[in-house]
Amino acid sequence: MLVEHLGVAPKVHPDAVVAPGAVVSGDVTIGADCQVLHGAVISAEGGPIVLGEHVIVMENAVLRASSSDPLKIGDHCLVGPLASISGARIGDEVFIATGARVFNGAVIGDRSEVRINAVVHLRTVLPPESTVPIAWVAVGDPAEMFPPDRHDEIWARQSQLDFPGYVFGLDRTTPDLMVQLTERYARHLSRHADDRPLDPS
């Protein structure tokens, strides 16, 4: 389904295929010979999303962009089932495996791999030809990689990146952080009330 959001309709190359069960919403450009499979969601939340050529977005993957963090995926990339990418820059020939997560402001260099259930955290920069092993966490600039059982070391790097401040503009020490976060984010998401499904013909 193609959806007009904030007055902007997706642009899909005539040689690309978007499955009937996928949702593509807002300022999204999908390049030649891309394949967007069933259940995938590509949602431009105030910032653009651009997929290059020959990009495959598999079942139930979620791609999002915000006004502060657009999303760009280069040519010949594969985004695996259940993967999630928010507001990142992905180079050419990158493999984002099943269940992997890439957060706002991240940069992934050409020919890199983010393997099954791995995480590339907020504002993390991976140079070209990097590999994030299965279920590991990459964090920081330059990126350091940690197995998931090293939470304290991950948190020591991650806390400096200030997720609530960077993504939501909120101070982590605010006593009612989740109240403010959910109310602010809900107001932002309420802009979907005026979305308009487009006629597929």
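If you're wondering where the values come from, they're calculated on a predicted model, not measured in any experiment. (Residues numbered from 1 in each chain as written. Predicted model: local features only at pLDDT ≥ 70, side-chain atom pairs only at ≥ 80, totals over all residues. Heavy atoms only, no water.)

Our focus in this paragraph is the overall build of the protein. Helix and strand counts for the protein stand at three helices and 24 strands. What you see for the protein is a C-alpha radius of gyration of 17 Å, in line with the 17 Å of a compact globule of 201 residues. Taking the principal axes of its C-alpha atoms as reference, the protein extends roughly 55 × 40 × 20 Å. A buried classification covers 41% of the 201 residues belonging to the protein. (Helix = DSSP H or I, 4+ residues; strand = E, 2+ residues; numbered from the N terminus. Rg over C-alpha atoms; globule rule 2.2 N^0.38 Å. Buried < 20%, exposed > 50% of the residue type's maximum accessible area, 1.4 Å probe, protein only.)

A separate point is the environment of V50. Structurally, the position occupied by V50 is in strand β8 (residues 49–51). Sequence-distant contacts of V50, defined by excluding residues within four places in its chain, comprise T29, L71, K72 and I73. (Contact = heavy atoms within 4.5 Å.)

For the structure on display, the rule yields three aromatic pairs. Aromatic pair F168 and Y185: ring centres 5.3 Å apart, planes at 75°, arrangement edge-to-face. Placement of F168 in helix α2 (residues 163–168) and of Y185 in helix α3 (residues 177–189) is noted, with a sequence separation of 17 residues between them. (Phe/Tyr/Trp six-rings, centres within 6.5 Å; stacked < 30°, edge-to-face > 60°.)

For the rest of this paragraph, the subject is the nonpolar core. L51, I73 and I85 are the most contacted members of the largest nonpolar core, which has 37 residues in total. Sequence-distant contacts of I85, that is, excluding residues within four places in its chain, are made with V62, L63, R64, L71, I73, V79, I90, I96 and V102. Among the nonpolar cores identified, the runner-up in size contains seven residues, and V119, L122, V139 and F146 belong to it. (Core = buried A, V, L, I, M, F, W, Y, C linked by side-chain atoms within 4.5 Å.)

With that settled, the discussion passes to the sheet that holds strand β19 (residues 119–120). Whenever strands of a sheet pair, they do so through backbone hydrogen bonds, lying parallel or antiparallel. Spatially, ten strands are ordered β23-β22-β19-β16-β13-β10-β7-β4-β1-β24 in an open sheet, and the strand pairing comes out mixed. In the strand order of this sheet, the two ends are held by β23 (144–146) and β24 (196–197), each with one partner. Here three bridges tie strand β4 (residues 23–25) to strand β7 (residues 41–45), and the two strands are oriented parallel to one another. Residue pairing across strands places V23 opposite V41, the latter belonging to β7. (Pairing = 2+ DSSP bridges.)

With that settled, consider helix α1 (residues 151–161). Among all positions in α1, only I154, R157, Q158 and L161 are buried. The buried residues of α1 occupy an angular sector of 100° when projected down its axis, which confines them to one face. Exposed and facing more than 90 degrees away from the buried side of α1 are D152 and Q160. Packed against the buried residues of α1 are β22 (137–139), β23 and α2. Taken from the residues just after α1, D162 is the one with a positive phi, measuring 55°. (Arc of directions from axis to C-beta.)

The next point concerns the pattern of salt bridges. Per the counting criterion, the structure on display carries seven salt bridges. Across the pair R111 and E129 runs a salt bridge whose closest N-O atoms are separated by 3.0 Å. On the criterion of sequence distance, the pair formed by R111 in the loop between β17 (107–108) and β18 (113–114) and E129 in the loop between β20 (125–126) and β21 (131–132) is long-range, its members being 18 residues apart. According to the relative accessible area criterion, E129 is exposed, its value standing at 54%. In this structure, E144 engages R157 in a salt bridge whose closest nitrogen and oxygen atoms are separated by 2.2 Å. Residue E144 is found in strand β23, and its partner R157 is found in helix α1; the two are separated by 13 residues along the sequence. (Salt bridge = Lys/Arg side-chain N within 4 Å of Asp/Glu carboxyl O.)

These values are about where atoms sit, not about what they do.
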